[in-house]
Amino acid sequence: MVLKDLSISVNYDVIVIGGGPSGMMAAIVAASHGAKVLILEKNARLGEKLRITGGGRCNILNKELNTQILLKKYGKGEQFLYSPFSVFGVGETISFFESLGIFINVEANGRAFPISEKAGDVAEALIKALIHKKVDILYNAPVSKVLYHDGVIEGVCSGTSTYKAKEYILATGGISHKETGSTGDGFMFLGQLGHVVVPPSPSIVPIKSDDAWIHASAGSSIDNAKVTFFCDDKKSFSVKGRMLFTHFGISGPVILNSAYKVRELLYGGYVTAVMDMFPTKDYPILEKDMLIIFDSNKNKIFKNILKDIAPVGIHKSIALLLEAKGIDTNKKVHSITKEERSKIIHLLKAAPFSIEGLMGFDKAVVADGGVSLEEIDTRTMRSKLIKNLLITGDLLNINRPSGGYSLQLCWTTGYVAGIHAYN
């Protein structure tokens with residue numbers, strides 16, 4: 001039921017603060033077990049961040065059915081998560097969404113998306129389930145204060161009203177994509193309640209570069225490239241996979257998942273990188289391929305055949321890089337010297353660019369930080385400090401990569417909290 005106000009007192013069993021993925025899941029499950037549930041949502045509709053996940057396609061989960069392998073993706077959180085995932089893991093999540101009419105399609109590396117590839121369909125299916133379970137929803141109702149005494153929450157304030165329940169589920173989300181309402185309110189409340197909160201920072205986030213050839217490639221991608229990072233000219237690590245060029249730098253799954261390593265390098269010195277655009281071809285093979293192209297286009301202007309040499313879509317930006325390195329791309333192909341040809345191949349195998357930093361919370365897929373798991377009974381998602389408080393999703397200090405792992409954490413912790421909020 002969608003409510004405009006609650007001027008008439010209603011006695012609730014459970015109040016869920018935040019209508020994102022974990023909050024909606026918790027509310028559905030608690031209501032399914034007979035609880036009278038209210039969701040307090042600060043936005044004009046539920047699931048705002050959910051609707052933009054996966055570029056709007058919604059990477060709903062990662063279909064890794066081996067729990068031991070799956071939980072290793074959660075870093076130090078692994079040891080805390082066996083209990084909740086034994087209750088509601090990947091298999092249970094798939095069955096749950098199929099019961100809502102959401103079927104998945106699995107892509108590379110286990111990344112699963114709804115068949116419709118529309119994140120909005122997932123949000124609307126959850127909302128339909130909430131309505132079916134007679135969950136009350138109050139929109140445009142940001143919580144401004146949590147009332148508590150002697151280790152128990154006594155109510156929450158929104159506007160001029162106070163709402164009370166037996167149990168409270170905090171599901172406000174983290175601090176990435178603030179435009180969706182994730183502004184860190186939950187961290188503030190947790191700190192006020194006495195919890196230790198690790199300060200958030202962007203962890204799965206694109207990388208900034210000011211190099212002209214990178215910016216000129218914006219909107220293009222390379223399906224398989226290798227990037228090697230250096231700190232003060234000392235090689236640190238390499239990643240390989242799909243690279244996306246943006247107007248501010250580089251992105252793509254492997255870049256997003258490596259951002260936290262780059263952040264550590266930035267603390268230690270000047271960070272640079274090189275990109276191998278043809279990691280599956282060594283220098284002699286690439287040279288042989290180039291000679292064939294050169295022989296077939298001897299009298300053409302060199303920059304006009306770059307599209308046959310460089311990865312699709314970025315030949316114009318490669319021309320900028322070559323010009324910066326002293327190669328005249330307006331020369332005819334037959335005038336390109338052996339030395340210049342060698343330099344071209346070297347740049348395709350190790351195109352240099354600077355690393356200026358990481359993008360901020362507004363571009364982050366996930367921000368780390370949150371309440372220490374040592375202060376949560378993860379068998380129930382109940383706070384060890386506040387008797388009637390359960391905590392879910394991005395409020396938990398759990399690092400994880402992109403690829404469906406964040407939403408799975410929301411589904412699992414939301415489900416477990418929903419069960420134990422009314423049990």
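As shown above, the structure is provided for reference.
These lines cover the structure that appears in this document, whether it is placed above or below. Since we're looking at a predicted model, the values are computed, not measured.

**Thoughts on empty space enclosed by the protein**
A full pass over the atoms with the stated rule returns one cavity of 30 Å³ or more. Approximately 30 Å³ is the volume attributed to the largest cavity. In this structure, the largest cavity is lined by Ile17, Val146, Ile153, Val156, Leu170, Leu193 and Leu389. Among the residues forming the lining of the largest cavity, the class breakdown is seven nonpolar, no polar and no charged.

**Describing the sheet that holds strand E9 (residues 152-158)**
On the basis of which strands lie adjacent, the open sheet formed by three strands has the order E8-E9-E10 and antiparallel pairing. One side of each edge strand has no neighbouring strand; the edge strands of this open sheet are strand E8 (145-149) and strand E10 (161-163). Looking at each pair of strands side by side, their axes are set apart by 30° on average, direction ignored.

**Observations regarding unusual backbone geometry**
The phi dihedral of Asp150 is positive, around 55°, even though this residue is not glycine. Following the sequence through the fold, Asp150 ends up in the loop between E8 and E9. For Asp150, a relative accessible area of 65% corresponds to the exposed category. One non-glycine residue, Met381, lies in positive phi territory at about 70°. Positionally, Met381 belongs in the loop between strand E21 (376-377) and strand E22 (382-383). Under the relative-accessibility criterion, Met381 is labelled buried at 1%.

**A few points about the nonpolar core**
Core analysis: the biggest nonpolar cluster contains 82 residues, and Ile15 and Ile60 have the highest contact counts within it. When sequence neighbours within four positions are dropped, the list of residues in contact with Ile60 reads Phe97, Ile102, Ile104, Ala112, Phe113, Val122, Gly404, Leu407, Gln408 and Trp411. Judged by nonpolar contacts, the second largest core, of 50 residues, contains Ala259, Leu265, Leu347 and Met359.

Rules and cut-offs
- Starting afresh in each chain, residues are numbered from 1 along the sequence in its written order.
- A pLDDT threshold of at least 70 governs which residues receive local features in this predicted model, and a stricter bar of 80 or more applies before side-chain atom pairs are shown or counted, although totals over entire chains, interfaces and linings include all residues.
- Calculation of side-chain values draws on the structure's entire complement of heavy atoms; hydrogens and water are dropped beforehand.
- Using a 1 Å grid laid over the protein atoms alone, points where a 1.4 Å probe fits but cannot get out form a cavity; open sets with protein on both sides within 12 Å along at least 5 of 7 lines form a pocket; any residue with an atom within 4 Å of a point counts as lining.
- Grid points are joined across faces, edges and corners, and a volume is the space filled by probe spheres set on the points.
- As a working rule, the residues Ala, Val, Leu, Ile, Met, Phe, Trp, Tyr, Cys and Pro are called nonpolar, Asp, Glu, Lys and Arg charged, and the rest polar, with Gly in that last group.
- Strands are treated as partners if at least two bridges between them are detected by DSSP.
- Helix and strand assignments follow DSSP, with helices taken as H or I runs no shorter than four residues and strands as E runs no shorter than two, numbered in order from the N terminus.
- Comment: axis = line fitted to C-alpha atoms, over the contacting stretch for helices; angle = value between 0 and 180 degrees taken between N-to-C directions.
- Per-residue accessibility, obtained with a 1.4 Å probe over protein chains only, is compared with the maximum for each type, and a residue is labelled buried under 20%, exposed over 50%, and partly exposed between these values.
- Side-chain atoms within 4.5 Å link the members of a nonpolar core, which is a set of buried Ala, Val, Leu, Ile, Met, Phe, Trp, Tyr and Cys residues.
- Contacts between residues were defined by any pair of non-hydrogen atoms, one from each residue, lying within 4.5 Å.

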